[in-house]
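Given next are the chains, with one letter for each unit.
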Amino acid sequence: MAGRRVAGLIGGCDELLSGGRVSRLEARVEALEKAAASKPASQIVDCLTSVDAAYDEYIRLNGKKSTKPGEVGKDAWTAPAHIFDEAAKNKQNGIERCRLIHGKN
């Protein structure tokens, strides 16, 4: 009975190899790798820029404009610590999403 199982397993592997399933999967992986490599580097930069803008927008919508000036050309905002914590968490999640989507480590 053990001989039948081994023969069945070997036969199943032969079927996968000869049926072209493995070669089709390998071709698909290769095509996806080429597509990922051909994406311009600006896509991850655009993604990260939008994440940064979302962080600023979250603070702006949930905070108050400070009377003290911020960096040159920027307004300063004040908010409770939990607002900044939530914004930072959202920003980190956005950065991770950009890395996953655009394949940068």
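The residue count restarts for each chain, going from 1 along the sequence in the order it is written. Two thresholds apply to this predicted model, a pLDDT of at least 70 for residue-level local features and 80 or more for giving and counting side-chain atom pairs, whereas whole-chain, interface and lining totals are computed over all residues. To obtain the side-chain values, all non-hydrogen atoms of the structure were included, while hydrogens and water were left out.

### A closer look at the packing of aromatic side chains
The condition that has to hold: Side-chain rings of Phe, Tyr and Trp (the six-membered ring for Trp) are treated as a pair once their centres are within 6.5 Å; stacked means planes under 30 degrees apart, edge-to-face means over 60, and tilted covers the remaining angles. Here, a charge over a ring is recorded when the distance from Lys NZ or Arg CZ to the ring centre is within 6 Å and its angle to the ring normal is within 35 degrees.
Under the criterion given, the structure shown has zero aromatic pairs. The ring of Y55 carries K91 above its face, with NZ or CZ at 4.9 Å from the centroid.

### With respect to the confidence of the model for the protein
Stated formally: By definition, pLDDT measures how confident the predictor is in each residue, and it falls between 0 and 100. In DSSP terms, a helix is any run of H or I states spanning at least four residues, a strand is any run of E spanning at least two, and both are numbered starting from the N terminus.
For the protein, the mean per-residue pLDDT works out to 79, and 71% of the residues sit at or above 70. Averaged pLDDT values over the elements of the protein bottom out at 55 in helix α1 (residues 2-18) and peak at 94 in helix α4 (residues 81-102).

### Considering the environment of D75
The topology assignment puts D75 in the loop between β1 (64-65) and β2 (77-78). Separated by 10 residues in sequence, D75 and K65 have C-alpha atoms that sit 7.1 Å apart.

### Quick look at the state of the cysteines
The condition that has to hold: Counting rule for disulfides: a pair of cysteine sulfur atoms within 2.5 Å.
Applying the stated criterion across every chain yields a total of one disulfide. Here C47 is linked by a disulfide to C98, with a sulfur-sulfur distance of 1.9 Å. Between C47 and C98 the sulfur-sulfur dihedral comes to about -85 degrees; the bridge is accordingly left-handed. Of this pair, C47 sits in helix α3 (residues 42-62) while C98 sits in helix α4, placing them 51 residues apart in sequence.

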